[in-house]
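If you want the building blocks of each chain, they are given just below.
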Amino acid sequence: MKLELRGITKSFGALVANDHIDLVVESGEIHSLLGENGAGKSTLMNVLYGLYEPTAGEILIDDKPVMFAGPADAMAAGIGMVHQHFMLVPVFTVAENVALGGETTGFGGILNLDDTRRKIREISARFGFDVDPDALVDELPVGVQQRVEIIKALVRNAKILILDEPTAVLTPQETDELMDIMGQLKSNGTSIVFISHKLREVKAVSDTITVIRRGKVVGSADPGAATTELASMMVGRAVSLTLDKADAEPGEVTFKVSNLTVMNDAGQRLLNDISFSVADGEILAIAGVQGNGQTELTEAVLGLHKHIQGSIMLDGRELVGRSVRQVLDAGVGFVPEDRQDDGLVGEFSIAENLVLDLYTQEPYSRWGSMNRAVIAKNAKEKVAEFDVRTQSSQDAADTLSGGNQQKVVLARELSRPLKLFIASQPTRGVDVGSIEFLHKRIVAERDGGTPVIIVSTELDEVLELGDRIAVLYAGRLMGIVPGKSSRELLGLMMAGLPADEAQAQLDAPAAGSSGAGDVAPAGDTEGERS
Amino acid sequence: MSETQTVKEPTPPAKESQGSQVFREIMSGSAMISVLAVFVALVIGGILIAVTDPRVSASSGYFFADPGATLSAVWSAVSEAYGALWRGATYDPTARTWQGQLGIFETLTFATPLILSGLAVTLAFRAGLFNIGAQGQILLGATFAGIIGFQMQLPPVIHLLAVILAGAIGGAIWGGIAGFLKARTGAHEVIVTIMLNYIAVSLVLYLLKNQLKAPGSTNPISAQMHDTALFPLLLGPNFRLNAGFILAILAVIVVAWLLNRSTLGFEYRAIGANPKAARTAGMLVSRGYTTVMLISGALAGLAGVAQIAGTEKTLDSDIAGSIGFDAITVALLGRSKPWGTFFAALLFGAFKAGGTSMAVNADVSIDIVAVVQSLIVLFIAAPPLIRSIFRIKAVRREGASA
């Protein structure tokens, strides 16, 4: 089935999210849409999936124009979509989820899932999905949930599958498996639209690459094109993807976490007996799939958690049991994982946000009264220094793009003398151009002699920044490895193997490239695939 | 390949969820919406006046024969009513006494407790708390002020200052309870303050039947405040306007400074707009909730002082009237800004002062005023409604938000 988008324009008021986009997806090809966050990829796909009505332009399937009033129409036409955030009912079984919206009922309206179960088994067998139709979705690992989404589309006879940022939630191994699946679907005649901003994946899997920038198609590229070329097309200027980073010159160890255990109110251990240390002038990157205790670790350091055992020492002072204010005053710079939720007050001006945790100090305030002139001057300087793209520092912070918001947070946290700098997901949702800048600032802070902790779920970032890399899995530390470790090793650790076992497995001659599945790790990570 | 590379870094478009935008609009939308809400409410009020007017209904009987008669009846009914309202609230040259001509001072008198209690609601609003309990806080403030005012003998000036302080403390305690419970247990302030309103009424009634009852009286009313405990009258004995109004203006100035200039206000606004970010920035959110409710309660308590030491002079359980609830409307209409609240309170004071004159001079039910006030609330709570009536574009905030 051939899909063609002709002159698709979608505007929201004055904002043009898609501007005359032309796109042809041939039958049985993997067509990647490459673009930064906010470039308009998801909008375009939502138009295609019938969620938005295009302002102008038309959609053609096999050269015949079609109109979609809603996702049901798109599905009926053979288009399936796997959203970035899964659209599954967690308390339903796989079969119930797959049947949802297209249930067949027997006498008296009783659900009949046998047919669905059969179809799921059939598809599972064909693509090697290994999905049990009667498993509860809630209990499945993320990678498998994603397959359920794919099955949902395939059961409805999707000939074109849209995958919206599918790898954002996967471990490197799961990503590889997904790429295998995409290959199989393709050889089966299914077309795939693969949406991503990760260059490595796009290059690995695509037949054709279309690059979108600011709502417009800026060109198409060959998967063989150089990474830097793709990046500069995506950003619109030359970018250097490799960070110019000198080797760390670690000094004294000033930050030390010992036997840290964090529990939630129910007494569940979110972090289990973690110990590590960071030296002055060194970046420790903490890797792991989202939700394995990284958030708790950073929040524990900042003093946001109540149930803590163990010790967190900074410069010889115990941080456990201190208030956030005291921790910040002790010289900790903190970039929270979710800048909009935790890092910024959206309706405050940029200037106000730049003093959000400094407002009690002179010269920003004196005797309880804020000094607006000083705050405005500070804002002007920081906006210039960190290259925050804004018309005025008096604009509300939520008028900024993600990258610029992050620059504001970073500018604030780096604007005082630090004894420790912690940044969680410093470049999530940030455009490539800003990533470069943010990384440089972080490395500069390290070179200034500050111990730095970077928490990231993006392996590229971890490898780029980390002088040493720690991996968290299910609240435990799987080990700390040197900064230039292999992706395979980190991937295994992220899937729950301690460092030594992971290394042993990579070293074993038989294990080779398909080693990931042979040792099913403890816990619930998806590892097995035949 | 990169043929569209001409655009040189414009600011990327702002993305904002629809829902939060609407919420923010209700909380802090433009003054334009407030003005239009009042206007539309007055128009609808005018329609009600016309419909209920006997001359209009009489002339509408021969509407098709003489539509002009109906229209002129409508015009005269509405213009007489609103004219009387306006004159009663400002200046009425037709009144028999010269005191009666100057309704503007009655407006200011009525506005005084509304300003103070409106500020209470406004301040709590900005910290993200919906203080429904101004009513109870006013009662407690008036009670505390009263105890000092009619049960103690103190030298002049000092007596009044003591009364003011006591009233503020009384309100602060009542507001503080809600703030403390919110901070410690997460109890929702709306529910707690509503319940505290009931408790306040019962408490005051109990006290008035026992400890605070005026000697020799059978009614639950206290003795008169001593003269030293009263706000001095600003314009002599012919007008009720008293120094409470000065106190209210001072309060507006202080709250405006507190919210916009002080570190405490910065904290409150941050907590109100994004408590999680406030917490991450080292602010003590729970302490903020407690202290803002203490201050908010104190302001409402001052409204109680304005009542007992200004106009009422004795304590009864009805001393707060509907001020505590009007305060919420006033704060909404004032867009939870101190000076906005001030002017909204003046408007409501004018409704009160002019309503009587409208009822007497234009023979229009005073309930119309209540209807107009309620409609104002309705339209403010539904800014999209006002926007669609006047076809105002919603996207206007960018750039202009400074």
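Keep in mind the model is a prediction, meaning the values are calculated, not measured.

Some words on the overall build of chain A
Looking only at helices and strands, one finds 18 helices and 24 strands in chain A. The C-alpha radius of gyration of chain A comes to 25 Å, within 12% of the 24 Å expected for a compact globule of 530 residues. Projected onto the principal axes, the alpha-carbon positions of chain A cover approximately 70 × 55 × 50 Å. Within chain A, buried positions represent 50% of all 530 residues. When contacts within chain A are restricted to residue pairs at least 6 apart in sequence, long-range pairs at least 24 apart make up 65% of them.

Structural notes on the overall build of chain B
Looking only at helices and strands, one finds 17 helices and zero strands in chain B. In chain B, which comprises 402 residues, the proportion classed as buried is 50%. Within chain B, contacts between residues separated by at least 24 positions form 76% of all contacts whose residues are at least 6 apart in sequence.

Points about the domain arrangement of chain B
Residues and elements named next belong to chain B. By domain assignment, chain B separates into domain 1 (26-88 + 364-393) and domain 2 (104-349). Centre-to-centre separation of domain 1 and domain 2, based on C-alpha positions: 32 Å. Contact residues are listed per partner, giving 10 residues for domain 1 and nine residues for domain 2. Every element with two or more residues in the side of domain 1 that touches domain 2 is listed here: α1 (18-28), α2 (31-52) and α16 (367-381). Partitioned by chemical class, the residues of the side of domain 1 that touches domain 2 number six nonpolar, four polar and no charged.

Quick look at the UniProt feature "transmembrane region" (unreviewed entry) in chain B
UniProt's feature table lists "transmembrane region" (unreviewed entry) at residues 31-51, 102-125, 137-154, 160-181, 190-208, 239-259, 289-309 and 366-386 of chain B, given in the numbering used throughout. This span, residues 102-125 of chain B, is 96% helix and 0% strand, and a straight line between its end C-alpha atoms measures 35 Å.

So, the sheet that holds strand β2 (residues 15-25) of chain A
Residue and element names in this part refer to chain A. Taken together, four strands build an open sheet; the order of strands is β2-β1-β4-β5 and the sheet is antiparallel. Two strands in the sheet have a free side with no partner beyond their single neighbour: β2 and β5 (64-66). The sheet shows a mean angle of 30° between the axes of neighbouring strands, direction not considered.

So, the environment of Ile386(B)
Residues and elements named next belong to chain B. For isoleucine 386, the position within the fold is in helix α17 (residues 383-390). Owing to 21 C-beta atoms within 10 Å, isoleucine 386 belongs among the buried residues under this scheme. Isoleucine 386 sits 346 residues away from valine 40 along the chain, and the two C-alpha atoms are 8.3 Å apart. Residue contacts for isoleucine 386: discarding those within four places in its chain leaves Ile33, Leu36, Ala37, Val40 and Phe379.

Here we look at the packing of helix α7 (residues 134-151) of chain B against helix α8 (residues 158-185) of chain B
Residues and elements named next belong to chain B. Interhelical geometry of α7 versus α8 gives an angle of 145° and a closest axis separation of 7 Å. Relative to α8, the crossing made by α7 is right-handed. Contact with α7, carried on its side by Gly136, Gln137, Ile138, Leu140, Gly141, Ala142, Thr143, Phe144, Ala145, Ile147, Ile148 and Gly149, involves Ala162, Val163, Ala166, Gly167, Ala168, Ile169, Gly170, Gly171, Ile173, Trp174 and Gly175 of α8 and no other residues of that element. For the contact of α7 with α8, a count of residues per class yields 14 nonpolar, nine polar and no charged.

A word on the packing of helix α14 (residues 323-333) of chain B against α16(B)
All names here are of chain B. Between α14 and α16, the shortest axis-to-axis distance is 10 Å and the interhelical angle comes to 45°. It follows that α14 is oblique to α16 by the angle criterion. Here the hand of the crossing between α14 and α16 comes out left-handed. Here Thr329, Leu332 and Leu333 of α14 come into contact with α16, specifically with Gln373, Ile376, Val377 and Ile380. A class-by-class count of the residues in the contact of α14 with α16 yields five nonpolar, two polar and no charged.

Notes on the sheet that holds strand β12 (residues 216-221) of chain A
Residue and element names in this part refer to chain A. Spatially, β6-β9-β10-β3-β11-β12 is the arrangement adopted by the six strands of the open sheet, whose pairing is mixed. What marks the edges here is a single partner per strand, and that holds for β6 (79-82) and β12. Within the sheet, the average angular offset between the axes of one strand and its neighbour, ignoring direction, is 20°. In the sheet, strand β9 (residues 160-164) pairs with strand β10 (residues 191-196) via five bridges, with the strands oriented parallel. Note that in β10 the partner of isoleucine 160 across the bridge is serine 191. Packed on one face of the sheet, helix α1 (residues 41-48) meets β3 (30-34), β6, β9, β10 and β11 (208-213) and runs near 150° to β9. Set on the sheet, helix α5 (residues 142-155) makes contact with β6 and β9; between it and β6 the angle comes to about 170°.

Some remarks on the pairing of strand β16 (residues 307-314) of chain A
All names here are of chain A. With seven bridges joining them, strand β13 (residues 253-263) and β16 adopt antiparallel strand pairing. When the bridges of β16 are listed, methionine 263 appears paired with histidine 307. Where β16 meets strand β17 (residues 317-318), two bridges bridge the pair, whose relative direction is antiparallel. Within β17, the position partnered with methionine 313 by the bridge is glutamate 318.

Some remarks on unusual backbone geometry
The linkage connecting Glu362(A) with the following residue, Pro363(A), adopts the cis geometry, with an omega of 0°. Checked against the element boundaries, Pro363(A) lands in the loop between α12 (350-353) and β19 (365-366). Notably, Asp315(A) is not glycine yet its phi reads approximately 55°, a positive angle. Turning to its location among the elements, Asp315(A) is positioned in the loop between β16 and β17. Of note, the phi angle at Val157(B) is positive, near 60°, even though the residue is not glycine. The exposed category is assigned to Val157(B), around which 10 C-beta atoms lie within 10 Å.

Some remarks on the domain arrangement of chain A
When the domains of chain A are assigned, the result is domain 1 (3-235), domain 2 (242-331 + 417-485) and domain 3 (338-416). A straight line from the C-alpha centre of domain 1 of chain A to that of domain 3 of chain A covers 39 Å.

Section: α14(B)
All names here are of chain B. Counting buried positions over the 11 residues of α14 gives 10, a clear majority of the element. Where α14 is concerned, the buried positions are Ile323, Gly324, Asp326, Ala327, Ile328, Thr329, Val330, Ala331, Leu332 and Leu333. Looking one or two places after α14, you find arginine 335, whose phi comes out positive at around 60°.

Details of the pairing of β13(A)
Residues and elements named next belong to chain A. Note: β13 against strand β14 (residues 269-279), seven bridges, orientation antiparallel. From the neighbouring strand, valine 253 faces β14, where its bridge partner is alanine 279. Hairpin remark: β13 followed by β14, antiparallel, with five residues in the connecting loop; positive phi at glycine 267, about 85°.

A look at helix α9 (residues 294-302) of chain A
Residues and elements named next belong to chain A. Among the nine residues that make up α9, nine are buried, leaving the element largely enclosed by the rest of the structure. Among the residues making up α9, those that are buried are Gln294, Thr295, Glu296, Leu297, Thr298, Glu299, Ala300, Val301 and Leu302. At the C-terminal side of α9, glycine 303 shows a positive phi close to 90°.

Observations regarding the environment of Val190(B)
Residue and element names in this part refer to chain B. You can see valine 190 is positioned in helix α9 (residues 189-209). Separated by 61 residues in the primary sequence, valine 190 and leucine 129 have C-alpha atoms spaced 8.0 Å apart. Leave out the neighbours within four places in its chain, and valine 190 touches Phe130 and Ile132.

What about the confidence of the model for chain B?
Residues and elements named next belong to chain B. Mean pLDDT over chain B works out to 87, with 90% of the residues at or above the 70 mark. Looking across chain B, the model is least confident in α1, with a mean pLDDT of 49, and most confident in helix α10 (residues 244-260), with 97. Across residues 1-23 the pLDDT falls below 50, and counting only partners more than four positions away or on other chains, this stretch makes 21 contacts in the model. Ignoring residues within four places in sequence, the model shows residues 395-402, a span with pLDDT below 50, making 12 contacts including any to other chains. Predicted as a complex, the structure gets a pTM of 0.78 and an ipTM equal to 0.81.

Reading the values: rules and limits
Residues numbered from 1 in each chain as written. Chains lettered and ligands numbered in written order. Predicted model: local features only at pLDDT ≥ 70, side-chain atom pairs only at ≥ 80, totals over all residues. Helix = DSSP H or I, 4+ residues; strand = E, 2+ residues; numbered from the N terminus. Rg over C-alpha atoms; globule rule 2.2 N^0.38 Å. Buried ≥ 20, exposed ≤ 12 C-beta atoms within 10 Å, placed from the backbone. Contact = placed C-beta atoms within 7 Å. Domains from an automatic or database assignment. Nonpolar A, V, L, I, M, F, W, Y, C, P; charged D, E, K, R; others polar. UniProt positions renumbered as here; feature names shortened; annotations may be inferred. Pairing = 2+ DSSP bridges. Axes fitted to C-alpha atoms, helices over the stretch in contact; angles between N-to-C directions. Left-handed = near helix turned anticlockwise from the far one by under 90°. Parallel < 35°, antiparallel > 145°, perpendicular 65-115°, else oblique. pLDDT = per-residue confidence, 0-100.

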